[in-house]
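Residue strings, one per chain:
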There are 2 protein chains.
Amino acid sequence: MAKVDTSLVAHLPLFAGVSPDALDEILREARSARYPRNSAIFEQGADAQSFFLLLHGHVRAAKTTPTGEQIVVRYVAPGETFGLAMAIGAARYPATAIAVDDSVVLIWPTSAWPRLVERFPALAANTLQTVGTRLQESHTRILEISTQQVEQRVAHALLRLAKQSGKKLDHGIEIDFPISRQDIAQMTGTTLHTVSRILSGWESQGLVESGRQRIILREPHRIVVLAEQSPDSGAA
Amino acid sequence: MAKVDTSLVAHLPLFAGVSPDALDEILREARSARYPRNSAIFEQGADAQSFFLLLHGHVRAAKTTPTGEQIVVRYVAPGETFGLAMAIGAARYPATAIAVDDSVVLIWPTSAWPRLVERFPALAANTLQTVGTRLQESHTRILEISTQQVEQRVAHALLRLAKQSGKKLDHGIEIDFPISRQDIAQMTGTTLHTVSRILSGWESQGLVESGRQRIILREPHRIVVLAEQSPDSGAA
DNA sequence: CGGGGTGTTTGCGATAGCGCAAAACCAGCC
DNA sequence: GGCTGGTTTTGCGCTATCGCAAACACCCCG
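Keep in mind that what you see is a predicted model, and the values were worked out from it rather than measured.

Caption draft 1: Representation of the overall build of chain A. Looking only at helices and strands, one finds eight helices and 12 strands in chain A. In summary, chain A has a C-alpha radius of gyration of 19 Å against a globular reference of 18 Å for 236 residues, a match within 12%. Seen through its principal axes, chain A has C-alpha atoms that stretch 60 × 40 × 30 Å. Out of the 236 residues in chain A, the part that is buried amounts to 51%. Only carbon and sulfur atoms are counted for the fraction: they give 51% of the accessible area of chain A, which is about 11,100 Å². Computing the positive centroid from 24 side-chain charges and the negative centroid from 24, chain A places the two 3 Å apart.

Caption draft 2: Geometry of the protein's contact with DNA strand C. Close to DNA strand C lie 17 residues, the nearest being Thr190, Thr194 and Arg197 of chain A together with Arg181 and Ser196 of chain B. In DNA strand C, the atoms that sit within 4 Å of the protein are 65% sugar and phosphate, with bases accounting for the remainder. Here His193 of chain A contributes a side-chain N or O atom positioned 3.4 Å from a base nitrogen of DNA strand C. A distance of 2.8 Å separates a base oxygen of DNA strand C from a polar atom in the side chain of Arg197 of chain A. When contributions to the surface near DNA strand C are tallied by element, the ones reaching two or more residues are helix 7 (192-204) of chain A together with helix 7 (192-204) of chain B. With four residues, the top contributor of residues to the surface near DNA strand C is helix 7 of chain B. Grouping the constituent residues of the surface near DNA strand C by class yields one nonpolar, 11 polar and five charged.

Caption draft 3: Structural context of the protein's contact with DNA strand D. As a matter of local geometry, DNA strand D sits amid 19 residues, with Arg181 and Ser196 of chain A together with Thr190, Thr194 and Arg197 of chain B nearest to it. Backbone atoms, meaning sugar and phosphate, form 61% of the atoms of DNA strand D found within 4 Å of the protein. The side chain of Thr190 of chain B places a nitrogen or oxygen atom 2.7 Å from a phosphate oxygen of DNA strand D. Between His193 of chain B and DNA strand D, the recorded distance is 3.3 Å, taken from a side-chain N or O atom to a base nitrogen. For the surface near DNA strand D, the elements supplying multiple residues, two or more each, are helix 7 of chain A together with helix 7 of chain B.

Caption draft 4: Seen up close, the pattern of salt bridges. The final tally for this structure, using the stated rule, is 20 salt bridges over all chains. The salt bridge involving Arg115 of chain A is made with Glu29 of chain A; its shortest N-O contact spans 2.6 Å. Within this pair, whereas Arg115 of chain A is found in helix 3 (residues 113-119), its partner Glu29 of chain A is found in the loop between helix 2 (20-28) and strand 1 (31-35), the two being separated by 86 residues in sequence. Its salt-bridge partner being Arg160 of chain B, residue Glu144 of chain B comes within 3.1 Å of it at the nearest N-O pair. Within this pair, whereas Glu144 of chain B is found in helix 4 (residues 121-147), its partner Arg160 of chain B is found in helix 5 (residues 150-165), the two being separated by 16 residues in sequence. Exposure remark for Arg160 of chain B: the relative accessible area of 42% places this residue in the partly exposed category.

Caption draft 5: Main features of the UniProt feature "domain: HTH crp-type" (unreviewed entry) in chain A. When the UniProt feature table is mapped onto this chain numbering, "domain: HTH crp-type" (unreviewed entry) sits at residues 148-221 of chain A. The span residues 148-221 of chain A shows a helical share of 53% and a strand share of 22%, and its end C-alpha atoms are spaced 19 Å apart.

Caption draft 6: Spotlight on the sheet that holds strand 1 (residues 31-35) of chain B. Residues and elements named next belong to chain B. Taking strand neighbours across the sheet as the criterion, the four strands line up as 1-8-3-6 in an open arrangement whose pairing is antiparallel. The strands lining the two open edges of the sheet, one partner per strand, are strand 1 and strand 6 (81-82). Pairing geometry for strand 3 (residues 50-56) and strand 6, over two bridges, is antiparallel. Along strand 6, the bridge assignment pairs Phe52 with Phe82.

How each quantity is defined
Within each chain, residue numbers correspond to sequence positions counted from 1 in written order. Following the order in which they are written, the chains are lettered starting with A and the ligands numbered starting with 1. Where local features are concerned, this predicted model is filtered to residues with pLDDT of at least 70; where side-chain atom pairs are given and counted, the filter is 80 or more; whole-chain, interface and lining totals use all residues. Only hydrogens and water are set aside; all other atoms, that is, all heavy atoms of the structure, feed into the side-chain values. The helix and strand labels rest on DSSP assignments: H or I over at least four residues marks a helix, E over at least two residues marks a strand, and numbering proceeds from the N terminus. Values of the radius of gyration come from C-alpha atoms, whereas the globule rule sets the reference at 2.2 Å times the count of residues to the power 0.38. Each residue is placed in one exposure class: buried if its accessible area under a 1.4 Å probe, protein chains only, is under 20% of its type's maximum, exposed if it is over 50%, and partly exposed if it falls in between. Computed by Shrake-Rupley with a 1.4 Å probe, the accessible areas treat only the displayed protein chains as cover when residues are assessed. For this count, His and the chain ends are skipped, Lys and Arg are scored as positive, and Asp and Glu as negative. By convention, the point assigned to a charge is CZ for Arg, NZ for Lys, CD for Glu and CG for Asp. Residues are counted as near a molecule or strand when any one of their heavy atoms sits within 4 Å of it. We define a polar contact as two N or O atoms separated by no more than 3.5 Å, with the added condition that, inside protein, one atom must be a possible hydrogen donor and the other a possible acceptor, whereas residues neighbouring each other in sequence contribute only through side-chain atom pairs. When residue character is reported, Ala, Val, Leu, Ile, Met, Phe, Trp, Tyr, Cys and Pro are called nonpolar, Asp, Glu, Lys and Arg charged, and the others, Gly included, polar. What makes a salt bridge here is a side-chain nitrogen of Lys or Arg within 4 Å of a carboxyl oxygen of Asp or Glu, nothing more. UniProt positions are given in the numbering used here, feature names are shortened, and annotations may be inferred rather than shown by experiment. Two strands qualify as a pair provided that DSSP identifies no fewer than 2 bridges between them.

Here it is in structure tokens:
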């Protein structure tokens, strides 16, 4: 089994308050794996046999309806956990996880969780914290979808992505992984057509620069303004 | 301080795996209070000084935007906890809680949480479970808002309320607390007008019986059908 | 028993955003 | 260097849903 370097993960929120020895013990239960771009890490509905910690890359968690429509639940950034079905008492994954970039993850068997939590209660407390944060974000998203128009929602979504996974360039902030119009549509509850129109508009105003699965925010400040605009106060 | 009867709460998920003695100790830290109908239990943005367990009644948790629009985050049923800002590391309540019926709650000071969790790790595990479940429900809601039309969303919302807080009558299932069209609109991301139209329609088909802040599902089965209908397969 | 106030219904435009379809684009690959 | 397949753009008509406004219904209260 590959040895995992504790120093790489010790600072993560998940391990806050966990001693180096304990961390070592925890990591001994994990194995690591590499997923190439566009490969599935787990599928919605499958037995939740493992939970994951992303070390490198980016992962998209998406939920599919019986009729085939999808929404993006979130993008996982390095250092975050995902596939925590067991923590919430679910036997199956409620979403599908796809590596959107070549990614490296740590994998624990779900069966190890109860034991780990018993030995290291801080794990439960830390996980509670992150799950709670996600719950709040989720509520915020509901609020947005319910009260704002599409353009504002897209603005918010891109700003969040930029904050979470933005790479600073001299001419703006680039979102650091491949993302399509379709993906953005599924994050904001609209269609790829509408997203395309919006981005085209922004591009012609010099707010963004975008291409195939690639987006650069050129004028983050002015996009913030868009995001916070009330429904009517728009341009003439 | 009023003595709380442990037998009333011992079976709640929050206290799963907690011994009677421990439970007693936990309850000693709580006080109980009664909130009359329509009174606020806490306001969004206020210091999260307490967390709550609902014993009797019903509580609506709602989130308000800077511009004043509201959404209903959830309805709290007896036996459920709410106001858990501290568990997720928030210093302020992210939503407002209003008693929609005369309600009785147990109240713990937020400051007691760390100590309780340390002494009774099961509390953290149980809370993680419920927060996780709420997160999933929240994702499901996002999926619905993003992919279904209003009528289906309203159908789902009412069915959930009926399941959670329905009172069985011989002629149907009545939602057991006062709820307005406006409330339903805020649960489903639409307007009270649209909800009113939908309910009027249903009423004329004998699916529901409704009045001022009162809804009875007469034909739950047929409403389920509506809820699951795909966007186009509607009536001619 | 007569208000007053809140919640509900309904009509009637207005429109944001969808859905379809076609065309253009682009990146890699043989 | 020309194909091929996925992605993006854009035009156009359509409609579900909103928003406003006015009329109602009902409950509580005095």
